[in-house]
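Chain by chain, the residues:
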Amino acid sequence: MLKPREAISPGKIAWKRFRRDKWGMGGLIFIMLCLVISLLGYSITPDPTPNADRQCLEISLAKPFTRLEFIKQEKTSKTSTGFLKKIISGAPSDFIYIPVKSIQLKGDSLIAEQYINYRKGIVDEQSYLYQQEKISTSSMSRTFILGTDRFGRDVLSRMMIGTRITMMVGFIAMGISLLLGLLLGALAGYFRGWVDTTISWLMNVIWSIPTLLLVLTITISMGKGLLPVFVAVGLTMWVDVARIVRGEIFSIREKDFVTAGKALGFRSPRIIFKHIVPNVMASVLVIASSNFAAAILIESGLSFLGLGAQPPTPTWGNMIETHRNFIITEHAHLALIPGFAIMFLVLAFTMVSNGLKNAMDKR
Amino acid sequence: MGLLLDIQHLSTSFKNEEREFVAVDDISFSLNQGETIAIVGESGSGKSVTSLSIMRLLNEKSSRISGNILFSRNGHTTDLLKLPERGIRRFRGKEISMIFQEPMTSLNPVLKCGEQVSESLRLHLGMSRQKAKEKTIALFEKVKLPRPEHIYHSYPHQLSGGQKQRIMIAMAISCNPSLLIADEPTTALDVTVQKNILELLKEIQEEYKMSMIFITHDLGIVSELAHQVAIMYKGKIVEAGKVKDIFSAPQHPYTKGLLACKPNLEVRWKSLPTIHDFMKEDEKGGFSSTGRSFSIQDKSLIEDTTEREKRLEDLYKKEPLLTIKNIHKTFSIRGRGWGLSSTKIHAVDDVSFSVYPGETLGLVGESGCGKSTLGKIILRLLEPNSGEIEYGGRNLRNLGTKDMRLMRKKMQVIFQDPYSSLNPIKRIGEAISEPMMVHKIYPSKNACKNATIELLEKVGLKPEHYHCYPHEFSGGQRQRIVIARALSVQPEFIVCDECVSALDVSVQAQIINLLQELKKQHGFSYIFISHDLGVVKYFSDRIAVMHQGKIVEIGEADQVYHSPASEYTRLLIDAIPKLVAV
Amino acid sequence: MNLSYILKKSLYGLIIILSVVFTLSFIFFSFINTDGKAVYEMTGQNTDQKTVDEIKKAYHLDQPVWKQVLYYANDLSVISVYPQEINRRGIKVFTTSQKTWMIKWPYLGKSFQTDRSVGQIISNAMPGTIVLAVTAIIFATFIGVLLGMVAARHQNSFIDRSIIFLASGGMALPSFFAAILISWLLGYVLHHITGLPTWGSLYYVDEYTGEKYLSIRNLILPAFTLGIRPLSVIAQLTRNNVLEIQQMDFIRTAKAKGLPPGKILFRHTLINIANPLITAISGWLGGMLAGAVFVEYIFGWQGIGKILVEGLQKLDYPVVMGSVITITCLFVLLNIIVDFLYAVVDPRVRLKG
């Protein structure tokens, strides 16, 4: 008797074919990477403060791979944050970091050559009574892999936290659109008649409004913040899902195995959920990943315009907006890096979507 | 009458990312001018690939062709395989033409029909637009299209299948080719339309002194149309020669099997011969004869007519199992405008008959006559506009949903397309045991599973197949699975809606035998729907002939066939290509 | 194609427009803070309560949502009814003691910021956007179809893969980022080669004479940027459709007739992709109108998008509403026209045989 594992399901065949698609696999790996970064959050960012918002105007606009020395000064009021909270929303720092060019110990004073403006190389000598003022006696160095932004914040940390917002918006928006789209599309496709007419009318109305405009309308009405973004993006993208689901269901319900199900005395719910819907999931997967990509694009556009997540929360979109004018300076990377990040993530999802489509192609 | 085409050691193989597949394996044959050779085979035999290889219409990148295809014309002989692409184009459409199987998709949907034919004329014969148009209209007259002028300006979607095929023929003969390749041109057409098209082809061939390669699976057509025949199986030609010789004294076991497994119209075998009765295959692909022969002289193989009469007499004494009265079903097609004007189609027009327990009622008709619709109505998969359906004394139309669901256990259906009848993502064991569990036929899941395995064996599959998915099976095997699934609810009455029409002739014979066996074992009653009168006559006790929604004749099978009462039945019988000599 | 087809489609389109307008305004009005916050944003924080109340009343902000929607619809509609005191320009048709019925152009309100009529603001900005969008789409269609055909012809070759890659990249590029990139690259870094500006609108006003001049140079970069995404989509679509059609039976027939590949491509294949192509283009028109928002904003191109963004930033609600509704109606109209285009291009739609 053959063991169940020996038979090859259509799903496994599709997965095997997908694995051979280099672009698709590459996209998938990149997405996994971003997912890991989002989940690990503050535990892996060089700057673990909430929103990676450790501003240090003295070292603003430092180039990538800048290595700087710091001395720490303990703050008078400290906060302690739980472990979980640390990962999720970051821990405010207990120290003030002061960038120095060099330090010297003289008795109970610490003489530091502090940077007033790192870029222009302006320093100032300061003397601290390190015991009293609670200053560390040795310096630590940090390398800013991607440099610092106009407020002296670590760009790499901000990019990592930004990943989280992007993934979150994409995920939730995609989830909402899939749920709504599947449900409404299935109802319209299976029952037809007036159910279909109503849902199609609704689809047409929403589809007639250019997505961005609808999203803008909703977000401006609901105010700033992330919630309107979720609602708006999810509410607009379900139409694509519903359309495809409806179309697929139209074609599947004509198939003989559905009629056979009726002839065998199966009830409608069984036919819909056990026979029709699983066959639609293939197309749904394809559109899920392309919807994810679309959601990311819309979110970045919104945060560029100042809607969505508000500063100091870093999103790739508002990072571009903050540094938009630097594009003509030597610090163009500050606007370009987040832009390319968006592009690569969207590209990754598109490649996955294409790969899935090709893998499930019956030919 | 010189040699026109000489094919030597032609082999064609296809490469995809995983493996190489040999479709045509070292075949050779030749054709003289004015002659017709028929290439016969079932699906997968390589017959279509052969014709596409001759015309070099295969994808150059994924196919490999080797051998020689020598074409002689006006004293010149060219090897078609050695020509560059530009060279072979001069032959295509001009010296060698081809018509295909699917007329519905073979014409460009957005260009006018006439223009598609004129295109050939202008390309190969350099005619001007006006002249080409005139010639096209003349061609349309020749292929007996009504109102040629009007058809010139029509688009393909406005015409019927038969009309489109005539246009394809016009296109093919437009430049007076010496060779016409016809790849199953009538398989997709109704049998009466097929008759006309075949007559047309014969006329044209005689008039133009054209040679023809006619590809088909229907031996009757071969008999009526061709001088020579080549039988193909798994890429090889297993037997070739004059039609008369091959059909009267076939040598190869495959040929013998092929000739025998199509239901004989004169005598009724007790069980249809299949290829396996004649031929054994070993793993290396070699064939050997089983040595059996089916002779109509052998009385043990043939059903005795007196036995049949007695059986039928007993059968009709009983109360009918199913009675339908005055069934009407109309569909409306939305016309133009605001939907107010719409044409009504009377799919089923006042149909009444009964089916007796243990009977097989054959329902035969051409496409669009309403037979499938009627089948669905009987099972209440479609609601009729009016009429009554009585099963086992109960009025089906009055039944509530719950009762109807219980009734469904007794009435089952098997559909035509083995590829869409099974849910592709469900293992077949689950597909068969699901109805058992829904109707709680067995007390436990395990009991259902065991019952399923029994059913699998009953239909000729193996227990291991329980865990397999539909895509791992062939068309014939899938039909067996579908039959097993229908049996899972222990029905009494089964509607077979063209359930063998999509299968190869040899597989068809196997499935029909299986249905016969099951009927003997369980005492089923069948309604057997088909467009193939020969198969229906073999399998049925009574035949009902349907035409445009009406039953034009109903009676005992042999009687209807040998002494048809209605004109339409006569037309149908006439149109069947008859196999001469056996 | 007969009259009833046109009428049916137009009627359905009208229903859609009406539904859209109501939906949008409903969403809008339901969420705007009616406790006066909107008013404060309009007038500044230090306004006395009396002024606030007056403004509220004038803009109907104190009414329930459905009433606000109706007021807005009344303003928009061609036939309206107003109380006597309001003066709107139009033809008075019927007067009672309290109300006047009149026929007028749709009224979109007045800008909170500048107090100019929104309708006027929009009609000044429209030509800019239309010119931009049309140019972008023509560019995208021609180049896109060309690239798609080339890719299909050389399937799986290096050219094909590069084109697919570029097209995917083009679709993945957020439009605002593309605008920034291109204005930087081509307008700044390579300015000495291209000579194109990073900022500018359709017309520029000469400082001395005050006359308006048409500036095509300003059009090039924004149109190019706006066209990148539709171009990528069209290229991919063309490629996929051409490949799909090449597999079809009637192409096999054409080959069997001995037609050369060029003729097969142009006469037989291309016409068949017109249908899906039109579907894609019409779908993308909406995306384009939205993308125009960013492009106009970054390139300083005077158009509805720029108006919209500025309105958003300044919370100028009438402007935002008016722009959104105008763009949407345009879009619906365009789709109706596209429906007719189908009938022209595809005989199967034209003649329901």
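Residues numbered from 1 in each chain as written. Chains lettered and ligands numbered in written order. Predicted model: local features only at pLDDT ≥ 70, side-chain atom pairs only at ≥ 80, totals over all residues. Heavy atoms only, no water.

Concerning the interface of chain A and chain C
Interfaces are often described in size by the accessible area the parts lose on coming together. Counting residues at the interface gives 40 residues for chain A and 45 residues for chain C. At the boundary of chain A with chain C, total buried surface from both sides reaches about 3,900 Å², with 81% on carbon and sulfur atoms. Joining chain A to chain C, the criterion identifies zero salt bridges. Applying the counting rule to chain A against chain C returns one residue pair in polar contact (both at pLDDT 80 or more). Contributions of two or more residues to the side of chain A that touches chain C are made by α5 (193-208), α6 (211-222), α9 (268-304), α10 (316-322) and α11 (333-359) of chain A. The element contributing the most residues to the side of chain A that touches chain C is α11 of chain A, with 11 residues. For the side of chain A that touches chain C, a count of residues per class yields 28 nonpolar, nine polar and three charged. (Contact = heavy atoms within 4.5 Å. Buried area = accessible area lost by both parts, 1.4 Å probe. Salt bridge = Lys/Arg side-chain N within 4 Å of Asp/Glu carboxyl O. Polar contact = N/O pair within 3.5 Å; in protein donor to acceptor, adjacent residues only side chain to side chain. Helix = DSSP H or I, 4+ residues; strand = E, 2+ residues; numbered from the N terminus. Nonpolar A, V, L, I, M, F, W, Y, C, P; charged D, E, K, R; others polar.)

Quick look at the sheet that holds strand β5 (residues 140-144) of chain A
Strand-to-strand pairing in sheets goes through backbone hydrogen bonds, with the strands running parallel or antiparallel. All names here are of chain A. Spatial ordering of the open sheet is given by β4-β3-β2-β1-β5, a layout of five strands whose pairing is antiparallel. Across the chains shown, the open sheet's two edge strands, defined by having one partner strand only, are β4 (122-129) and β5. Strand-to-strand twist in this sheet, taken as the mean axis angle between neighbours without regard to direction, amounts to 55°. As judged from the six bridges shared by strand β1 (residues 66-74) and strand β2 (residues 95-106), these two strands associate in the antiparallel manner. (Pairing = 2+ DSSP bridges. Axes fitted to C-alpha atoms, helices over the stretch in contact; angles between N-to-C directions.)

Structural notes on the packing of aromatic side chains
Aromatic ring pairs are described here by two measures, namely the spacing of the ring centres and the angle between the planes. Within this structure, the stated rule accounts for 21 aromatic pairs over all chains. Ring plane angle 50° and centroid distance 5.4 Å describe the contact between Phe 176 of chain C and Phe 294 of chain C, whose orientation is recorded as tilted. In this pair, Phe 176 of chain C sits in helix α7 (residues 175-189) while Phe 294 of chain C sits in helix α11 (residues 261-299), placing the two residues 118 residues apart along the sequence. Judged by its relative accessible area of 1%, Phe 176 of chain C falls in the buried class. Here Phe 294 of chain C falls in the buried class, since its relative accessible area comes to 4%. By way of ring pairs, the aromatic residues Phe 304 of chain A together with Phe 176, Phe 294 and Tyr 297 of chain C are connected into one cluster. Directly above the ring of Tyr 466 of chain B sits Lys 449 of chain B, whose terminal nitrogen or CZ lies 5.2 Å from the centroid. Against the face of Phe 100 of chain B rests Arg 252 of chain C, its NZ or CZ located 3.9 Å from the ring centre. (Phe/Tyr/Trp six-rings, centres within 6.5 Å; stacked < 30°, edge-to-face > 60°. Buried < 20%, exposed > 50% of the residue type's maximum accessible area, 1.4 Å probe, protein only. Lys NZ or Arg CZ within 6 Å of the ring centre and 35° of its normal.)

Re the packing of helix α4 (residues 155-191) of chain A against α11 of chain A
Residues and elements named next belong to chain A. One can describe the packing of α4 onto α11 by two numbers: an axis separation of 11 Å at closest approach and a directional angle of 35°. The two elements α4 and α11 cross, and the hand of that crossing is right-handed. Between α4 and α11, the residues in contact are Val 155, Met 159, Thr 166 and Met 167 and Leu 334, Ile 337, Pro 338, Ala 341 and Leu 345, respectively. Residues of the contact of α4 with α11, tallied by class, amount to eight nonpolar, one polar and no charged. (Left-handed = near helix turned anticlockwise from the far one by under 90°.)

Observations regarding the confidence of the model for chain C
Residue and element names in this part refer to chain C. Taken over all residues, the pLDDT of chain C has a mean of 76, while the share at 70 or more is 71%. Ranking the elements of chain C by mean pLDDT puts helix α2 (residues 37-43) last, at 56, and helix α10 (residues 249-256) first, at 90. For this predicted complex, the interface confidence score (ipTM) comes to 0.81, while the overall pTM stands at 0.82. (pLDDT = per-residue confidence, 0-100.)

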